[in-house]
Each structure stands twice: as structure tokens, then as C-alpha cells.
Amino acid sequence: GYLAGGVMPVAKHFPGHGDTATDSHVGLPVVDRPRASFDRVELPPFKAAIAAGVPMVMPAHVVAPALGAADVPVTFSRPVLEGLLRGELGFKGVIVSDSLDMGAVAKSTDVAEASVLSFLAGCDFLLTGKTDYRRTYAYFLEAVRSGRVPRERLTAAVTRILELKARFPAAPPTVDASRGP
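> Looking at this structure, how should I read the pairing of strand S2 (residues 56–59)?
Within a regular strand, side chains alternate between the sheet's two faces. Neither face of S2 is open: one carries Met-56 and Met-58, the other Val-57 and Pro-59, and all of them are buried. As paired elements, strand S1 (residues 10–14) and S2 share 4 bridges and run parallel to each other. Each bridged residue has a counterpart across the sheet, and for Ala-11 the counterpart in S2 is Val-57. Two strands pair when backbone bridges link them, and S2 and strand S3 (residues 94–95) are joined in this way by 2 bridges, in the parallel orientation. Bridge pairing in S3 links Met-56 to Val-94. Viewed along the sheet, the connection from S2 through helix H2 (residues 78–88) into S3 turns out right-handed.

> I would appreciate a short explanation of the packing of aromatic side chains in the present structure.
Between two aromatic rings, the relevant description is the distance of the centres plus the angle of the planes. Going through the model one piece at a time under the given rule, you end up with 2 aromatic pairs. Pairing Phe-14 with Phe-46 gives two aromatic rings, centres 5.1 Å apart and planes at 85°, and the pair type is edge-to-face. Remark: Phe-46 occurs in helix H1 (residues 35–51) and Phe-14 occurs in strand S1; sequence separation between them is 32 residues. In this structure, Arg-153 packs its charged tip against the face of Phe-119, placed 4.1 Å from the ring centre.

> Got a minute to help me understand helix H4 (residues 111–121) in this structure?
Given 3.6 residues per turn, any residue in an α-helix points the same way as the ones three and four places further on. Burial analysis of H4 places 9 of its 11 residues in the buried class, which makes it a mostly covered element. Of the residues making up H4, those classed as buried are Val-111, Ala-112, Glu-113, Ala-114, Ser-115, Val-116, Ser-118, Phe-119 and Ala-121. Directly after H4, the chain includes Gly-122, whose backbone phi takes a positive value near 140°.

> Just checking my understanding: could you explain the environment of Phe-46 for this structure?
For Phe-46, a relative accessible area of 8% corresponds to the buried category. Residues Phe-46 and Leu-89, 43 residues apart in the sequence, show an inter-C-alpha distance of 8.5 Å.

> Would you take a moment to explain the nonpolar core for this structure?
Counting residues in hydrophobic clusters, the biggest one holds 25 residues, and the most contacted among them are Phe-14 and Leu-85. Of all the elements in the fold, those that place two or more residues in this core are S1, H1 and H2. It is H1 that provides the largest number of residues to this core, a total of 5 residues. Each residue touching Phe-14, except ones within four places of it in the same chain, is listed here: Leu-43, Phe-46, Val-57, Met-58, Pro-59, Ala-60, Val-74, Val-80, Leu-84, Leu-85 and Leu-89. If you look at the next biggest cluster of nonpolar residues, it comprises 7 residues, including Val-116, Phe-119, Ala-143 and Ala-157.

> I tried to follow the confidence of the model for the chain on my own but got confused; where do I start?
Detailed reading of predicted coordinates is not advised where the pLDDT is low. Within the chain, residue pLDDT values average 87, and 86% of them lie at 70 or more. Mean pLDDT values over the elements of the chain span from 69, in helix H3 (residues 103–106), up to 98, in S3.

> Is there a simple way to explain helix H5 (residues 133–146) in this structure?
For H5, spanning 14 residues, the distance from its first C-alpha to its last is 20 Å, which sits close to the expected 20 Å at 1.5 Å a residue. Those residues of H5 that fall on the buried side of the exposure criterion are Thr-136, Phe-140, Ala-143 and Val-144. Along H5, the residues classed as buried sweep out an arc of 100° about the axis, all on the same side. Turned more than 90 degrees away from the buried face of H5 sit Arg-134 and Arg-145, all of them exposed. Buried residues along H5 sit in contact with H4 and helix H6 (151–167).

> What should I look at first to understand the side chain of Ser-37 in this one?
Mapped onto the secondary structure, Ser-37 falls in helix H1. At 2.5 Å, the side chain of Ser-37 forms a polar contact with the side chain of Arg-33.

Procedures and definitions
Residues numbered from 1 in each chain as written. Predicted model: local features only at pLDDT ≥ 70, side-chain atom pairs only at ≥ 80, totals over all residues. Heavy atoms only, no water. Buried < 20%, exposed > 50% of the residue type's maximum accessible area, 1.4 Å probe, protein only. Helix = DSSP H or I, 4+ residues; strand = E, 2+ residues; numbered from the N terminus. Pairing = 2+ DSSP bridges. Right-handed = clockwise from strand over helix to strand, strands pointing away. Phe/Tyr/Trp six-rings, centres within 6.5 Å; stacked < 30°, edge-to-face > 60°. Lys NZ or Arg CZ within 6 Å of the ring centre and 35° of its normal. Core = buried A, V, L, I, M, F, W, Y, C linked by side-chain atoms within 4.5 Å. Contact = heavy atoms within 4.5 Å. pLDDT = per-residue confidence, 0-100. Expected span 1.5 Å × (residues − 1). Arc of directions from axis to C-beta. Polar contact = N/O pair within 3.5 Å; in protein donor to acceptor, adjacent residues only side chain to side chain.

Below you can see the structure in the form of C-alpha cells.
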């Protein structure tokens, strides 16, 4: 329905966030389930959303050992984002991070470094919350200039974002005068 109405939906929080005892706004949750449980319970809604053409997926700030993210949040896990989400599930759209200043991330690294780590893992579009944007931008730019962030990776992310923008062109706001104030 959203897609038919021209709305850009986001499937979240990949690969599932429901069975945790910690709120990722304040700490780093662990989803300690076997891979078979993910395949049976958590992943089917994402598979359906991808099959329906969802243009964006947001990973969860959770640790998921069974998926290859045993020591880092899924947001920083290339095996989960590029291997599982893009590889196994075939997602071709934009991966958008959740806010990188949430407790699940901020307790272990600052937002500037989190932006680089999540981008290298596969996030194309980074949400930074309430942070020092200039410092984060300068830090990320230096990571590109130094080669830590490969230009090919940057090009791939920008291409996906531009394709998304073309798919959902911004329409100017309209006013229906017949509806009154």
C-alpha cells in the first residue's frame, strides 16, 4: 500500500529485535537464537518486504551471534548486511542505519567512528542523531580521503541513494482549496 501511494517505506529492525531484554536506546541487546530460529521467525517478514519491493531496510543495533555478529552490533557487521541481507536475501536497495548515537553504539564508540564502521559494514545512509555533524562529516571525509573508506564503496552507496530518489521523486506540496482551511 505504501509503495502504491508513493510512500518510501523502511523495513526495520533487521534481522529482528523483538526477543531482547535490553532497549537499544540505552544498551546493546543480544538476540541469542540459533540460525534456524531466525530463518523460521525473524527473517520471513523481511523476505516478504524485499519481495514486495521495499526500498530501504534498517538494521538493528543488536548482537546476533548465530548470524555472524557475535562481537559487534548488526549495524557494524558486514557478514550480516552484505552477506545475509544483500547476498542471501537479495536486497538491492538502500540500507539505512538507525541513529548512531543510541546507547547500543555510543557506549562503545563515538558517532564519527560509528559512521565509518556502519558504512564499511554496508549501511548506505547514516543517521547520526544529536551529534556534532561537522566533526562527524570531517572524520568521515578523512576516512574517504585516506582510503579507509574505498571510493568504490562510496560510489555504490551514492548510486543506490540516487536510484531511490529517482524512484520516489519529491512532489511539491499541494493545497486543495475546495477542502477549506
